[in-house]
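# Structural overview
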Amino acid sequence: MKKILIIEDEILIQKSLKKILSRKNHHVDSTSSGKKGIDLIYTNHYDIIICDLMLQDISGFDVIESSKKIMSSSEISKKFIIMTAYSSEQVINKVSSYHLTILKKPFHDIVETINIILK
Amino acid sequence: MKEQSLFIEASIIDDFFESNDQNSLIYKNHKNKKQDCNYSILKNKNQHTLELRNKKQTLVSLPYHRENFLFIYNHLKDKIKSSEDSLSKMIEKAEKSLRYKSLVDQSFNSLLFKIKTRNLQELVRNLLKEKQFHKFESSFIFFHLKGKKNAKLLGVTWKDQSYDENLNVTHFNLFFNSVKKSKIKAFNAASFSFLKLPFNGSFLAKEIQFKTCKTTIILSRNDFLYFNSYEIKRFESCVTLLTPFIENLINSEFIQNKNKVLESAFTLYPLPLQMMDRHGFYDISNKRASLLNDFSETKTLKKVYLPFSKELTLYDCEELRISSFDLFHFQRIHLLGELLNTLKHELSNPLLGLNLACRLLKEESLQDDDKDLLKNIEQNITHCQNIIDNFANLYSSDDSQSTCDIKVAIQEALTLSKSELQGIEVKKIYEKKTGEFLILSKNIVVVQILFNLIINASHSLREQQNLKNKIHIYTQESDEYYEVYVSDNGAGVDEKLQEKIFTPFFTTKHQGTGLGLSLSKSLAKKIGGDLRLTESSIFPQGATFVASFPKTPS
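This report concerns the structure included in the present document. (Residues numbered from 1 in each chain as written. Chains lettered and ligands numbered in written order. Predicted model: local features only at pLDDT ≥ 70, side-chain atom pairs only at ≥ 80, totals over all residues. Heavy atoms only, no water.)

### What about helix 1 (residues 11-23) of chain A?
All names here are of chain A. The end-to-end C-alpha distance of helix 1, which contains 13 residues, comes to 18 Å, matching closely the 18 Å that a straight helix rising 1.5 Å per residue would cover. Within the sequence span of helix 1, burial applies to Ile13, Gln14, Ser16, Leu17, Ile20 and Leu21. Once helix 1 finishes, Asn25 follows within two positions and takes phi at roughly 65°, a positive value. (Helix = DSSP H or I, 4+ residues; strand = E, 2+ residues; numbered from the N terminus. Expected span 1.5 Å × (residues − 1). Buried < 20%, exposed > 50% of the residue type's maximum accessible area, 1.4 Å probe, protein only.)

See below:
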């Protein structure tokens, strides 16, 4: 069982992902606010953090930057999974500078996506 | 009054340098009427020299530099003003400065270096690096251009931080006037508390007044000690020396801002332009999206000269009248691209959510008809996603080559235009019953071309109000190409218009952009094919377009 955090402001995506992952017997927390997400990261220990780039309050990169205070960069690249619909070159370059896994929305194959997440 | 001819404005110096003629400036000494005192500065571009000569001979030849010109010019001016020094002394000075450049007064030499700094920020920064000012920590230039809303305070605060702030003009004037009135040019920051100056304690300031601008130069050590007279004198003489360059820099800063605005305006201009600024030409057409090249390839590139130094004038080439109408259409296309991108991103997220939710529900133990319903929902979501992707891809600039099957492309184009095709009978006839029609191109390009053709056909049919509206799409294979015919039984294309329909912005529809066919044609050409109007035996009255695509080498 893994402890997973989902930070995503599109409520349907958040809920469905949560449900899919809980069904596979993982403990899942979710929030739609980036700031709340940071609070959760500070107070809990997560194995996987799935984070959207374009949140309503702050950007996904802000979440990563704040997490740097309590995690090493290798830990970050291991734990964080970035979801984004904006797959412009700039964004991808920035994500790869953190050595993060990136999930491009829309997911074409959901089963495969889940496998990537749980890897 | 006699010396009037000697006062050369900075603009004349610029003209002298930037013009391409071999002209020379000639100065006459009005006080001394002997011939040998009339001399000229001759520009010799081939040998890269500036020559100072009188009527008989070349007196001195210096490398072709603006600084050297200023040097000769300033000395010339002084010389004629006083008319006491002999010309030979002046030449001696010039040669000395050239030969012993390193030995010439250090500050003067480094000041020459500063002339090369291109902006004010750099100028004040370099001022601090100056040996004689090494004790100072911050320097500023505080200026107000006539007609501007704000005065500007530019400079370096202590710890080498850049500072750039807009300040109230009345406050600036108060400051400027008190600097002007003061004789010793040393002040205390406390007496200008209304300005909230970014430094403390005593400071030195000197005012310079230009035609278009009031300026003060400020130096501060960030302490409360008094300045000695030596420091003040050096500061004053340094500012005086710098005056002409400061004026130039301020002017150029002003022009730079103007240019930025102009440049952005011209980057969006719908047709290729070439700009010329004071330093030469540069082409801005390549900055604009390749989109432009797509529908302007029939037009040759024309140069538009834009003398930035003077009033803005745009010389349009004669055969290419650019109307505001074209501009309007270009902007519409630009906007459409942006709109589609936003739409894609805004819709993708909720659709993904729906898709995921459907997946989840499907795993619940539901009745069969409920499952069917879910399946339909899912199909529709995928369909929506595809439509959004397809439209957004039309404007993406991905150039990667791939192969595509025409059959698939036709089907996709028909799906996209489903709503437009209501009440129209569409028939697809493939030459080969089986197998693939593979061509070397991206699927989306072919879909776009066919989509445009189908939409055009459907529009012309709608105008007709015919009961039996038909569109036939059929293929033909030649050695190198696959050809796709899109034929309708509408009114056809008027003979007079046949030549014009592929021109950008030409349209017969009230709400058309006039870009559909021209864009399709340039797309087809881009992938090595073509798009033509042709005649068909099926619908002799109607319009038939044929798009040819290069086959993949087998």
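Having put the structure on the table, let's press on.
### Considering the interface of chain A and chain B
Chain A puts 16 residues into the contact, and the matching count from chain B is 14 residues. Buried surface at the junction of chain A and chain B, summed over both partners, amounts to about 1500 Å²; 68% is from carbon and sulfur atoms. Across the contact surface, chain A and chain B share zero residue pairs in polar contact (both at pLDDT 80 or more). Examining the composition of the side of chain A that touches chain B, we find that seven residues originate from one element, helix 1 of chain A, more than from any other. Partitioning the side of chain A that touches chain B into residue classes produces 10 nonpolar, one polar and five charged. (Contact = heavy atoms within 4.5 Å. Buried area = accessible area lost by both parts, 1.4 Å probe. Polar contact = N/O pair within 3.5 Å; in protein donor to acceptor, adjacent residues only side chain to side chain. Nonpolar A, V, L, I, M, F, W, Y, C, P; charged D, E, K, R; others polar.)

### Structural notes on the sheet that holds strand 19 (residues 544-550) of chain B
Residue and element names in this part refer to chain B. Read across the sheet, five strands follow the order 14-16-17-19-18 without closing on themselves; strand pairing throughout is mixed. Either end of the sheet is taken by a strand with one partner, and the two such strands are strand 14 (425-429) and strand 18 (530-534). Mean inter-strand twist for the sheet, computed between neighbouring axes without regard to direction, equals 15°. In this structure, strand 16 (residues 470-477) lies alongside strand 17 (residues 481-488), joined through seven bridges in antiparallel fashion. Paired with Glu477 across the strands is Tyr482, a residue of strand 17. Helix 11 (residues 406-416) rests against strand 14, strand 16, strand 17 and strand 19 of the sheet, and its axis sits at about 175° to strand 14. Across the sheet, helix 13 (residues 516-526) lies against strand 18 and strand 19, angled at about 130° from strand 18, the strand it touches most. (Pairing = 2+ DSSP bridges. Axes fitted to C-alpha atoms, helices over the stretch in contact; angles between N-to-C directions.)

### Description of the packing of aromatic side chains
Summed over the entire model, instances satisfying the criterion amount to 15 aromatic pairs over all chains. Members of the aromatic cluster, each reached through a chain of ring pairs, are Phe140, Phe142, Tyr163, Phe172, Phe175, Phe176, Phe187, Phe192, Phe194, Phe199 and Phe203 of chain B. We note Lys94 of chain A situated over the ring of Phe61 of chain A; from NZ or CZ to the ring centre the distance is 4.3 Å. Between the NZ or CZ atom of Arg221 of chain B and the centre of the ring of Phe136 of chain B, over which it lies, the distance is 5.9 Å. (Phe/Tyr/Trp six-rings, centres within 6.5 Å; stacked < 30°, edge-to-face > 60°. Lys NZ or Arg CZ within 6 Å of the ring centre and 35° of its normal.)

### Some details on helix 3 (residues 60-67) of chain A
All names here are of chain A. Across the eight residues of helix 3, six count as buried, placing the element largely inside the fold. Along helix 3, the residues that are buried comprise Gly60, Phe61, Val63, Ile64, Ser66 and Ser67. Against strand 1 (3-7), helix 2 (34-43), strand 3 (48-52), helix 4 (73-79), strand 4 (80-84) and helix 5 (89-97) lie the buried residues of helix 3. At the N-terminal end of helix 3, a side-chain oxygen is found 3.0 Å from the backbone nitrogen of Phe61, two or three residues along, and the residue is Ser59.

### A few points about the pattern of salt bridges
All names here are of chain B. This structure, assessed with the given rule, holds nine salt bridges over all chains. The partner of Glu236 in a salt bridge is Lys206, with the nearest N and O atoms 3.9 Å apart. With a gap of 30 residues between them, Glu236 in helix 7 (residues 229-267) and Lys206 in strand 9 (residues 202-209) connect regions that are remote in the sequence. Judged by its relative accessible area of 16%, Lys206 is buried. Among the salt bridges present, the one from Lys551 reaches Glu477, with a minimum N-O distance of 2.7 Å. Of this pair, Lys551 sits in the segment after strand 19 while Glu477 is found in strand 16, placing the two residues 74 residues apart along the sequence. (Salt bridge = Lys/Arg side-chain N within 4 Å of Asp/Glu carboxyl O.)

### Quick look at a negative patch on the surface
All names here are of chain B. A grouping of Asp368, Asp369, Asp370 and Asp372 is seen on the molecular surface, where their side chains present a negatively charged patch. Structurally, Asp372 is set in helix 10 (residues 368-394). Since its relative accessible area comes to 48%, Asp372 is described here as partly exposed. (Patch = residues over 30% accessible without salt bridge, like charges linked within 9 Å, V, L, I, M, F, W, Y side chains within 5 Å. Areas by Shrake-Rupley, 256 points an atom, 1.4 Å probe, with all protein chains shown as cover. Lys, Arg positive; Asp, Glu negative; His and termini not counted. Charge placed at Lys NZ, Arg CZ, Asp CG, Glu CD.)

### Some points on the side chain of Ser138 of chain B
Along the chain, Ser138 of chain B turns up in strand 5 (residues 138-145). If we skip the residues at most four places from it in the chain, Ser138 of chain B touches Leu128, Val156, Thr157, Trp158, Phe199, Ile218, Leu219, Ser220 and Asn222 of chain B.

### A word on the sheet that holds strand 5 (residues 101-104) of chain A
Residue and element names in this part refer to chain A. Overall, parallel pairing links the five strands, which are arranged 2-1-3-4-5 in an open sheet. Either end of the sheet is taken by a strand with one partner, and the two such strands are strand 2 (27-31) and strand 5. Strand-to-strand twist of the sheet, defined as the mean angle between neighbouring strand axes without regard to direction, takes the value 20°. With four bridges connecting them, strand 1 and strand 3 associate as parallel partners. What sits directly across from Ile4, in strand 3, is Ile48. Running at roughly 160° to strand 1, helix 2 makes contact with strand 1, strand 2, strand 3 and strand 4 of the sheet.

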